[in-house]
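Listed below, chain by chain, are the residues.
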Protein chains: 2
Amino acid sequence: MESILSISKALGEKNRLRVFLALMHTKELCVCEVGEFLGLAPATVSRHMSILCQAKLVDSQKRGKWVYYSIKPTVAPELLQWMQNSIVDSSLVAEDGKRIESLVREYQDKDCRKVCSSEER
Amino acid sequence: MESILSISKALGEKNRLRVFLALMHTKELCVCEVGEFLGLAPATVSRHMSILCQAKLVDSQKRGKWVYYSIKPTVAPELLQWMQNSIVDSSLVAEDGKRIESLVREYQDKDCRKVCSSEER
DNA sequence: GTAATATTTCGTCAGATGCAGAAATGACAA
DNA sequence: TTGTCATTTCTGCATCTGACGAAATATTAC
């Protein structure tokens, strides 16, 4: 039951939910990208991401100076399916999707994106 | 997305989650039973239940003086499945299950249980 | 109608949570 | 080692949330 509780708490905050949904189709983001995406200070982003990590919803991986976040492979598929079904006609999610894509393109040239070019995505 | 958010907020509080899980195998409870179950004042229970209702997780039905709560039939099956899978070895959920059962037996003789004896369960 | 009972709404308080900025930590480069 | 940059932890502040009791509302019994 504790897992339901911590996951629900983690996803029950708008900014954290937006990041999680963004990760569902962008695979990987670092703190600076999330900060840009949400318009929040790095410290705040770090705090939010650690809550998502503690809920076992995302993995963090440190590569060089940067920390990269991605959805933890062990997240229950029913949970992901439910979320997927629940966002089909959300305009904000659609906007966020486009914003994340252009943001990732924009960060293509920055240092944090060069570190991981050999990896998947 | 708003639905994910409101559902997560609703289930991200321990007492509300416990009531919801209890409803998953007791079908129907009235405010007084939930109050006894959680050890909370009626006013507080009412508030919690209205949050679950607003999140479209439970239905409320007034019969006589009493209000009965049950899981809304439209709740996404993937969500229920995820929760079901997540509680298989939770000792607190098991205890709660027994407590609810004996509590319902105890309330069998009370007025609020006599009203609905013709209905399912 | 009035009284009794169940529930909801309102007012208030204590504790939790989100936020930013400052300081601390960790990693790389010179 | 020292400097720089990315991130995290700490601190303080504003807002949100859960709790109760009291008052309001709704329904049944008389």
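What you see is a predicted model, and the numbers here were worked out from it, not measured in a lab. (Residues numbered from 1 in each chain as written. Chains lettered and ligands numbered in written order. Predicted model: local features only at pLDDT ≥ 70, side-chain atom pairs only at ≥ 80, totals over all residues. Heavy atoms only, no water.)

Topic: the sheet that holds strand S1 (residues 29-30) of chain B
Residues and elements named next belong to chain B.
(1) Moving on: Pairing is antiparallel in the open sheet, where three strands are placed in the order S1-S3-S2. Only two strands of the sheet have a single partner each, and these edge strands are S1 and strand S2 (58-63).
(2) Moving on: Sheet analysis places S1 next to strand S3 (residues 66-71), joined by two bridges and oriented antiparallel. Counted as the bridge partner of cysteine 30 is tyrosine 68 from S3.
(3) Moving on: Running at roughly 120 degrees to S2, helix H4 (residues 42-54) makes contact with S2 and S3 of the sheet. (Pairing = 2+ DSSP bridges. Helix = DSSP H or I, 4+ residues; strand = E, 2+ residues; numbered from the N terminus. Contact = heavy atoms within 4.5 Å. Axes fitted to C-alpha atoms, helices over the stretch in contact; angles between N-to-C directions.)

Re the packing of aromatic side chains
(1) Moving on: Taken as a whole and judged by the stated rule, the model has zero aromatic pairs over all chains.
(2) Moving on: Positioned above the aromatic ring of Tyr68(A) is the side chain of Arg63(A), whose terminal nitrogen or guanidinium carbon lies 4.2 Å from the ring centre. (Phe/Tyr/Trp six-rings, centres within 6.5 Å; stacked < 30°, edge-to-face > 60°. Lys NZ or Arg CZ within 6 Å of the ring centre and 35° of its normal.)

Details of the nonpolar core
(1) Moving on: In this structure, Leu57(A), Met83(A), Leu57(B) and Met83(B) are the most contacted members of the largest nonpolar core, which totals 73 residues.
(2) Moving on: Here Leu57(B) is in contact with Ile7(B), Ala10(B), Leu11(B), Phe20(B), Leu52(B), Ser70(B), Ile71(B), Lys72(B), Val75(B) and Leu79(B), once residues within four sequence places are set aside. (Core = buried A, V, L, I, M, F, W, Y, C linked by side-chain atoms within 4.5 Å. Buried < 20%, exposed > 50% of the residue type's maximum accessible area, 1.4 Å probe, protein only.)

Focus: the sheet that holds strand S1 (residues 29-30) of chain A
Adjacent strands of a sheet pair through backbone hydrogen bonds, lying either parallel or antiparallel.
(1) Moving on: With respect to topology, three strands assemble into an open sheet ordered S1-S3-S2 (chain A), the strand pairing being antiparallel. For this open sheet the edge positions go to S1 and strand S2 (58-63) of chain A, each flanked by a neighbour on one side alone.

Here's the deal with the interface of chain A and chain B
(1) Moving on: Facing 27 residues of chain A, the contacting portion of chain B comprises 27 residues.
(2) Moving on: Buried surface at the junction of chain A and chain B, summed over both partners, amounts to about 2200 Å²; 75% is from carbon and sulfur atoms.
(3) Moving on: The largest per-residue losses of area from chain A upon contact with chain B belong to Met1(A), Ile4(A) and Trp82(A), which jointly make up 37% of the total buried on that side.
(4) Moving on: Counting the contacts that link chain A with chain B gives two salt bridges. (Buried area = accessible area lost by both parts, 1.4 Å probe. Salt bridge = Lys/Arg side-chain N within 4 Å of Asp/Glu carboxyl O.)

Quick look at the protein's contact with DNA strand D
(1) Moving on: As a matter of local geometry, DNA strand D sits amid 21 residues, with Ser46(A), Tyr69(A), Asn15(B), Thr44(B) and His48(B) nearest to it.
(2) Moving on: Taken together, the sugar and phosphate atoms account for 78% of what DNA strand D places within 4 Å of the protein.
(3) Moving on: A distance of 3.3 Å separates a phosphate oxygen of DNA strand D from a polar backbone atom of Cys32(A).
(4) Moving on: Contact distances for DNA strand D include 3.5 Å between a sugar or linking oxygen and a side-chain N or O atom of Trp66(A).
(5) Moving on: Mapped onto the surface near DNA strand D, the elements with two or more residues apiece are helix H3 (31-38), helix H4 (42-54) and strand S3 (66-71) of chain A together with helix H2 (14-26) and H4 of chain B. (Near = heavy atom within 4 Å. Polar contact = N/O pair within 3.5 Å; in protein donor to acceptor, adjacent residues only side chain to side chain.)

Considering helix H1 (residues 2-11) of chain A
(1) Moving on: Regarding H1(A), the residues found buried are Ile4(A), Leu5(A), Ile7(A), Ser8(A), Ala10(A) and Leu11(A).
(2) Moving on: The secondary structure elements touched by the buried residues of H1(A) are helix H2 (14-26), H4 and helix H5 (77-86) of chain A together with helix H1 (2-11), H2 and helix H5 (77-86) of chain B.

What to know about the relation of the copies chain A and chain B
(1) Moving on: Aligned on chain B, chain A shows an RMSD of 0.0 Å; the corresponding rotation is 180 degrees and the shift along the axis is 0.0 Å. When the rotation and shift are considered jointly, the pair of chain copies conforms to a two-fold rotation axis.
(2) Moving on: In this assembly, 100% of the residues forming the interface of chain A have copies in chain B that are likewise at the interface, indicating an isologous arrangement. (Least-squares fit on C-alpha atoms with pLDDT ≥ 70 in both.)

With respect to the pattern of salt bridges
(1) Moving on: Enumeration over the complete set of coordinates arrives at eight salt bridges over all chains.
(2) Moving on: Residue Asp59(A) pairs with Lys72(A) through a salt bridge whose shortest N-O separation is 2.9 Å. Residue Asp59(A) is located in strand S2, and its partner Lys72(A) is located in the loop between S3 and H5; the two are separated by 13 residues in the primary sequence.
(3) Moving on: Notably, a salt bridge pairs Arg18(B) with Asp96(B), separated by 2.8 Å at the nearest N-O pair. Of the two residues, Arg18(B) is situated in helix H2 and Asp96(B) in helix H6 (residues 91-107); the sequence distance between them amounts to 78 residues.
(4) Moving on: The buried category is assigned to Asp96(B), whose relative accessible area is 7%.

Side note on the packing of H1(A) against H5(B)
(1) Moving on: One way to put it is that H1(A) packs onto H5(B) with a least axis distance of 8 Å and a crossing angle of 135 degrees. In terms of their interaxial angle, H1(A) and H5(B) are classed as oblique. Judged by residue contacts, Ser3(A), Ile4(A), Ile7(A) and Ser8(A) of H1(A) engage Trp82(B), Met83(B) and Ser86(B) from H5(B).
(2) Moving on: Looking at the contact of H1(A) with H5(B) residue by residue, the classes come out as four nonpolar, three polar and no charged. (Parallel < 35°, antiparallel > 145°, perpendicular 65-115°, else oblique. Nonpolar A, V, L, I, M, F, W, Y, C, P; charged D, E, K, R; others polar.)

A look at the protein's contact with DNA strand C
(1) Moving on: Around DNA strand C lies a shell of 20 residues, among which Asn15(A), Thr44(A), His48(A), Ser46(B) and Tyr69(B) are the nearest.
(2) Moving on: By atom count, sugar and phosphate contribute 80% of the portion of DNA strand C lying within 4 Å of the protein.
(3) Moving on: Within the side chain of Arg16(A), a nitrogen or oxygen atom sits 2.9 Å from a phosphate oxygen of DNA strand C.
(4) Moving on: With respect to DNA strand C, the side chain of Tyr69(B) contributes an N or O atom lying 2.8 Å from a phosphate oxygen.
(5) Moving on: Only H2 and H4 of chain A together with helix H3 (31-38), H4 and S3 of chain B provide two or more residues apiece to the surface near DNA strand C.
(6) Moving on: Taken together, the residues that form the surface near DNA strand C break down as eleven nonpolar, five polar and four charged.

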